[in-house]
Structures are given as C-alpha cells and as structure tokens.
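Spelled out, the chains give:
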Amino acid sequence: MNKDARLQVTEAGHDPVVDADDTGLAMLLPAQKQSLEMVVRGAPLPEVLKFLTGIVERHAGGQVVAAILLLDEDGRLRTGAGPSLPDDYNRAIDGLKASIDLGTCSVAAVTGQVVITPDIAADPKWATIKELPLGLGLVAAWSQPILARDGRVLGTFGTYFRVRRGPTTFERQLVETVAHTAALAIERAESDRSMERQRRLLGMAMDAARMGEWQYNIAGGICEYSARAQALYSLPARVDHDAEVNSFIHPDDIPSMWEAVRAAIEPGGSGRYEVEYRVRCGDGWRWLSVCGLTESAGEGPERRAVAITGASRDITERKEAERQHQLLVDELSHRVKNTLAVVQSIAAQTLRRTPDPREFHGAFTARVSALARAHSLLTRALWKGAPLADLVDTAISPFRSDGRDDGVICDGPDVVITPNAALTLSLVIHELGTNALKHGALRLPDGCVSVTWAGCNGAAAAPVLELRWVEQGVRSATPPKQSGFGFRLIHASAEQLGGTAEMEFSDEGLRCVMRFPCPQDGAHDVVRST
Amino acid sequence: MHELRGTRLLIVEDEPMLLLDLQDITSEFGCEIVGTAAHLSRALDLARSADFDVAILDVNLNGDRIRPVADAIADRGRPIVFLTGYAGDFEGRPNHGIIIEKPCDPDDIARALQHAIGSMT
C-alpha cells in the first residue's frame, strides 16, 4: 500500500483528518472482493475503475464525487473513470499535461503524494480551471496517487466534496484501499496491452514472413499447430504426427525430415531442427522451410529431449524460381552443346566437299555465319520464335548483289516460326542462295530469285506453311546432283519440320517448295526446344 | 573390337546437319543405314519394325523425350547408343545403352557402336 504517500496540505488552517471508523472498512469487504474478482478475470479497465469510484461514492461521508485519472506515457492525464462527472468535465481534463502547478490530481500525479485542496476557489493552482468544479457545486477536493509496485505513478484517485473540507481518516483509508485495487487493475491492463502488442507484432512478423509456429511432442509423437501453421500445413490444430506424417509430407521428403529430427534430439547436439520439405496443398505441394529448437527435461544421464518447438515458412515461390533457373541453365548448356555439335557437323560436311583449305574456310565461315545470324534474330525475340519475313531477309542478305535490288524478291504474310524452324530454314536458304550464286539465277545478270510463302491449310487441322524458292532467267544449266549436300540437307530439314520438300529443275532454273506445319500461337516454350 | 562393316543402323536425330553427318560418318565405317527419323512417331514405327542391329538415338527429339523409342528397341533386344546435349545422365534413360555427349567425333561414335554391339553378344 501507499505507505510512503505523504500528506500534503495545500492550504493551512484545515485539519484534514477527522476520525477513523474500522467498522466502515469492514463493510467494504464484499465490494473489495468483487473488485478483485473483476481484476482477476480480466474485466475491461474502465469497468473496474468505474466500480471502484462507485465504492468510494457510496461509502464516503456525504455526497462526494470520485474520479480516477490515468497518467499516460507522455505525462498527460487521461480519464480513467468519472461516472458522476459530466462528459464535458471529463473531456476538459482529458489530455492535460500533469503539472505541479495545476489543480489537485495533477499535482498528486507529478509528486506521487496525497494532495488535499480544502477550498478550490481559494487555491491559485485551480485559478485557470476552477469554474469546472465550482460550476458543479464541488468546492473541495483531495487526491490519492495510484502507485505501481515499483513506485511509479499510474494515476490518481480524486474525490470532490460539496463542502469545504479535507478527507476523514476513514475516507483516507477507504481511498487508499481502493487505490491499491485500482493499481492492480491498471497494471493488469498495461500487461495485457503489452502482451497484446507483442502478440500482434509477432503475428505481423509471422504473416510477413509467411511463417506458422508449431510444437512437436516427442514422447507422444503429437504435433500442435498455430492457426497460421494450420493454414500452411492444411492440418487441424492437433495431429498425431508420427502416425499421419505419410498423409501430409511428400514421401520423398520424409526420410530427410526424420533425419533432421534425429539430429535435433541427439544428446550433446545443437538441438537445432532444420529441414525443407513439401506438404500436401490441395492437389499439389507446398514447399516449407522448417526450423525448430529442442526442449529437454531432466538432469545428467536422465536428461531427455521432450519437444521441438519452431516455425515453418512457405518457400514455394523460391523453390519454383530455383527450378526455373536450373531449367534455364540446363537448357542453355544443352543449346550450346547442340550448337557446337551442329558447327562440328557443318565443318565435317564442308570438308568432305571442299578439301581445299582456302575454299573450305570460305564455305565453312559462310555457313556458320548464316547460323549466327539466325541466333541473333532469335536472341532479339528472346528465343520465343522469329518472324519468317525477318528470317528470310536475314538469310538471303549475303546473296543480294551490290546495286541490283531486283535480283531477290521476298514476299509473304506475317508468320512467326519456332526457334528450331528458324535455325533450320536459315541453313536451307543459305544453301539455296549459295547454289544460285554458283550455278543458278544469281550467277546471271538478269537472273532472279523469288522467295514467297503462304498458308496452304487444305484439310489439315494444323496450319501448314508453304515456302517457295523459285529461280528465273537461268536458261540452260546442268541440274544439281540428287545426292548433293544441298538436296540432302533440304530433305532432312523438311523431315525435321514434319513436312515435305519438292525440288524440280527446269530451263528457268531451280524450284524448291517446302511444306511444313507451323504452330500459330506464337509463344513457344523456350524449354521445349532442342 | 567388333567390325562395324555391314552393321545395320537406325538413326534418330532431329537436327538435319547432325543427321547428315552421322549418315556420312557411319557410312564410312561400312554401316548400312536402314532408317532415319526426326520425329517420335516415325522413330517409334522404325523402332518396332525396321531390321537393324543397333540404334543411335538423340535423347531429345524436338522436345519429345526418347524414352518410348528406347523401350521399344530394348523390348526387341537391340542395343542403343544415346546422343545427348545434356551433361551426364538424363531423365528416362533405360538401364542399358551407352551415352555419348554432343559434340562428339567419329572415333567416339565408332567406339560407342562397337561397345553397344559387344554388350549384346
């Protein structure tokens, strides 16, 4: 109790202590008991404080008015309870900075001592706000500080009188007793608020980290999950973990989970439980990163791990990103190796036909360049496909002779072809162009090549594209060998594209028609290409 | 070492330039190419019906994994040489067959074919 709350009389001439009455205090017991019960069962603070002011108003002598003010963290007075004061009054006091120069309760709040004001009208500390109580017929007041266990001022218990006087001994004992209960109630509320704040903080942090907490009881094999963990695991609050683990953890991950448990509960170990596993989530799986600490009980050789407590975190997105990254790395490696294999084959094929080093170098470089230009085109399109017009234009550009624009004509609708088709066709067009330059239309001043394409669906469900290479103005020339490299490459290419190639040679020159299916969705999965 | 002359080959490869090169290389070994395929459906037909001694299979056929073709060939007890652009092992590899990684030279191919044939005799 507030034994060291010393009496402070603000005005001389009045003896505040009148008489004491122990029987009066005894009558308080039922109300005191009831108020303590309210505190214990966690009744709302305003309700408890209102009840406490009611005790004083009922038991003090005459028509007193009681009010509890709370002192907040900023040193301001806040209405705790003032059920007999008008709202205007409470509002006027609420938020005032506690000061040693103001009123009665304010001084008690600052000093932590009992303050008695037997005549408000005459007290200079009330000068600025005296109309408030005087207007209600309240002419005297006294205030009992409400102190925490550590002596900190939590608030004040103020009593107003309708006659100019100080408190009786009984009233002082009464208020001291009630103020003690108020202190318990306020500290309880502070502690509740602090716990609530911490709970909310933890909750927000857990939500932000997509985590859920749980506790695994080793002896019983039971795991208990918080609401957040229940959502992560799609499980109820309490699960027979050891018996049911097969139903919710991915079978491939169960051995590593048990291994992590074994390591965590091993005597002399770190006690840390760390593992990643998948748990069932609807029709799929959710990746969790799981961390826990082992709790042990007993001493010496009897010491045993009893539980693991921890939290799990949803890392599905990270795992998916890792998987995508690995797929891209694998695909890149595959593509590089495939490209090297193609270049190797180009070298071997070129060497078979042009053993002369100088000729070999020219032919080999030209073919690799054709491939490289197609790569550039595809890279610009993020390997999602290439517009056929751009591809044809790029592939044929080395064969456009200087100052003769009419030698090569390209025309066709906007079509996007797959990366594979682009690489294949770039080499095909290169071979056709090389052949035309050496033996065909492009060798002659008035020769001409037209490269055109169009859809030719017919009855086929999938769109089919027809690509025509037509030379004109050759007049007489020797037809190329059917077993030649160009012929074989064009046929193999048509087969790769799932289509056909026709080649015929007339007096005008070479005609080559390729037909192949061409998916029109435009979006080709990078990972599915070869 | 087994003589490759007269060995009948099935070649499944979807990259035209590689296919031509494989045809030329194996022809120089004296092999007879009884069929080539660039697509899964044709590869499956040939795997089930063509008369060959050993198959060279590109692991990734236009995005279609080669597993069903390999299984069909394994069912007939014929050896396989796998060609792969992937490092090391790959998904769906049967427990027989020899893997060579692209790019590879003619000697690699000859050795792989000889081992594959040897493994089945």
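Keep in mind that what you see is a predicted model, and the values were worked out from it rather than measured.

About the criteria used
Residues numbered from 1 in each chain as written. Chains lettered and ligands numbered in written order. Predicted model: local features only at pLDDT ≥ 70, side-chain atom pairs only at ≥ 80, totals over all residues. Heavy atoms only, no water. Salt bridge = Lys/Arg side-chain N within 4 Å of Asp/Glu carboxyl O. Helix = DSSP H or I, 4+ residues; strand = E, 2+ residues; numbered from the N terminus. Buried < 20%, exposed > 50% of the residue type's maximum accessible area, 1.4 Å probe, protein only. Polar contact = N/O pair within 3.5 Å; in protein donor to acceptor, adjacent residues only side chain to side chain. Contact = heavy atoms within 4.5 Å. Axes fitted to C-alpha atoms, helices over the stretch in contact; angles between N-to-C directions. Parallel < 35°, antiparallel > 145°, perpendicular 65-115°, else oblique. Nonpolar A, V, L, I, M, F, W, Y, C, P; charged D, E, K, R; others polar. Buried area = accessible area lost by both parts, 1.4 Å probe. Expected span 1.5 Å × (residues − 1). Core = buried A, V, L, I, M, F, W, Y, C linked by side-chain atoms within 4.5 Å. Pairing = 2+ DSSP bridges. Phe/Tyr/Trp six-rings, centres within 6.5 Å; stacked < 30°, edge-to-face > 60°. Lys NZ or Arg CZ within 6 Å of the ring centre and 35° of its normal. Arc of directions from axis to C-beta. pLDDT = per-residue confidence, 0-100.

Brief notes about the pattern of salt bridges
Side-chain pairing between opposite charges can occur once the charged atoms of the two side chains come close. Residues and elements named next belong to chain A. Following the criterion strictly, the structure yields 41 salt bridges over all chains and no others. The salt bridge partner of Glu-276 is Lys-319, with a shortest N-O separation of 2.9 Å. Note that Glu-276 is positioned in strand E10 (residues 272–281) and Lys-319 in helix H11 (residues 316–353), a separation of 43 residues in sequence. The exposure class of Glu-276 is partly exposed, given its relative accessible area of 30%.

So, the side chain of Thr104(A)
Residues and elements named next belong to chain A. Relative to the helices and strands, Thr-104 resides in the loop between helix H4 (87–93) and helix H5 (105–111). Using a relative accessible area of 3% as the deciding quantity, one classes Thr-104 as buried. At 2.6 Å, the side chain of Thr-104 and the side chain of Thr-117 are in polar contact. If sequence neighbours within four positions are ignored, Thr-104 has contacts with Val-115, Thr-117, Trp-126, Ala-141, Trp-142 and Ser-143.

Some remarks on the packing of helix H2 (residues 29–40) of chain A against helix H7 (residues 169–208) of chain A
Residues and elements named next belong to chain A. Running from N to C, H2 and H7 cross one another at 10 degrees; their axes reach a closest spacing of 9 Å. Looking at the two axes, H2 sits roughly parallel to H7. Contacts from Gln-32, Ser-35, Leu-36, Val-39 and Val-40 of H2 reach H7 at Thr-177, Thr-181, Leu-184, Ala-185 and Arg-188. Residue classes in the contact of H2 with H7 are distributed as 5 nonpolar, 4 polar and 1 charged.

Details of the interface of chain A and chain B
Contacts between chain A and chain B engage 30 residues on the former and 30 residues on the latter. For the pair chain A and chain B, the summed buried area comes to about 2500 Å², and 52% of that belongs to carbon and sulfur atoms. Taken as a group, Lys337(A), Glu495(A) and Gln496(A) account for 23% of the area that chain A buries against chain B, more than any other trio of residues on that side. Inspection of the region where chain A meets chain B yields 6 salt bridges.

Notes on helix H14 (residues 419–438) of chain A
In a regular helix each residue adds 1.5 Å, so 20 residues correspond to 28 Å; H14(A) covers 29 Å between its end C-alpha atoms and thus fits that length. Of all 20 residues in H14(A), 16 are buried; the element is thus mostly enclosed.

Concerning the nonpolar core
Of all hydrophobic cores here, the largest spans 77 residues; its most connected members are Leu388(A), Ile417(A), Leu425(A), Trp469(A), Met514(A), Ile109(B) and Leu113(B). Among the elements that take part in this core, H14(A) stands out by supplying 9 residues, more than any other. Core analysis: the next-biggest nonpolar cluster, separate from the first, contains 37 residues, Leu45(A), Ala66(A), Leu70(A) and Trp142(A) among them.

A closer look at the sheet that holds strand E2 (residues 32–37) of chain B
All names here are of chain B. Here we have 5 strands laid out as an open sheet, ordered E2-E1-E3-E6-E7, and parallel in their pairing. Because the sheet does not close on itself, it has two edges, and the strands there are E2 and strand E7 (98–101). Shown here is a sheet whose adjacent strand axes are inclined to one another by a mean of 20 degrees, direction ignored. Examined bridge by bridge, strand E6 (residues 80–84) and E7 share 4 bridges and lie parallel to one another. Looking across to E7, one finds that Leu-83 is bridged to Ile-100. Each of strand E1 (8–12), strand E3 (54–58) and E6 touches helix H3 (residues 67–75); the most contacted strand, E3, lies at about 170 degrees to it.

Focus on the packing of aromatic side chains
Residues and elements named next belong to chain A. In this structure the tally under the stated criterion is 6 aromatic pairs over all chains. Three or more aromatic residues joined by ring pairs make a cluster, and in this case those are Tyr-225, Tyr-233, Phe-248 and Tyr-277. Directly above the ring of Phe-161 sits Arg-165, whose terminal nitrogen or CZ lies 3.7 Å from the centroid. The ring of Trp-383 has Arg-335 lying over it, and the distance from NZ or CZ to the ring centre is 3.9 Å.

Notes on the pairing of strand E12 (residues 304–314) of chain A
Residue and element names in this part refer to chain A. The pairing of strand E7 (residues 211–217) with E12 spans 7 bridges and is classified as antiparallel. Looking across to E12, one finds that Glu-213 is bridged to Ala-311. What sits between the antiparallel neighbours strand E11 (residues 284–297) and E12 is a turn of 6 residues, in which Gly-298 has the positive phi angle 95 degrees.

Quick word on H3(B)
All names here are of chain B. When we look at burial in H3, the residues that qualify are Val-69, Ala-70, Ala-72 and Ile-73. Buried residues of H3, viewed axially, fall in a sector of 160 degrees; they line one side. Structurally, H3 contributes buried residues whose contacts are with E1, helix H2 (40–49), E3 and E6.

A closer look at the environment of Arg468(A)
All names here are of chain A. Counting through the fold element by element, Arg-468 comes out in strand E17 (residues 464–472). In the structure, Arg-468 is positioned 33 residues away from Ala-501 in sequence and 9.8 Å away in space, judged by C-alpha atoms. Among residues more than four places away in sequence, those in contact with Arg-468 are Ser-450, Val-451, Thr-452, Arg-511, Cys-512 and Val-513. Within the local environment of Arg-468, its side chain forms a polar contact with the side chain of Glu-466, the two groups lying 2.7 Å apart.

A closer look at the confidence of the model for chain B
Scored by pLDDT, chain B has a mean of 87; 88% of the residues are at 70 or more. With pTM at 0.61, the complex prediction returns an ipTM value of 0.89.

Quick look at the environment of Glu171(A)
All names here are of chain A. Looking at where Glu-171 falls in the secondary structure, it is placed in helix H7. Along the backbone, Glu-171 and Thr-159 are 12 residues apart, and their C-alpha atoms lie at a distance of 9.5 Å. Apart from the residues lying within four places of it in its own chain, the contact partners of Glu-171 are Ala-60, Gly-61, Val-64, Trp-142, Phe-161, Arg-165 and Gly-166.

A look at the sheet that holds strand E16 (residues 448–455) of chain A
Residues and elements named next belong to chain A. The 5 strands lie next to each other as E14-E16-E17-E19-E18, forming an open sheet whose pairing is mixed. Strands with a single pairing partner mark the edges of an open sheet, and in this sheet they are strand E14 (408–411) and strand E18 (500–505). Adjacent strand axes in the sheet meet at a mean angle of 10 degrees when their direction is disregarded. Bridge analysis of E16 against E17 gives 8 bridges, and the strand direction is antiparallel. The residue of E17 that forms the bridge with Cys-448 is Gln-472. Contacts from helix H13 (residues 388–396) reach E14, E16 and E17, with the element oriented near 160 degrees to E16. The strands touched by H14 are E16, E17 and strand E19 (510–517); relative to E17, the strand with the most contacts, the crossing angle is about 15 degrees.

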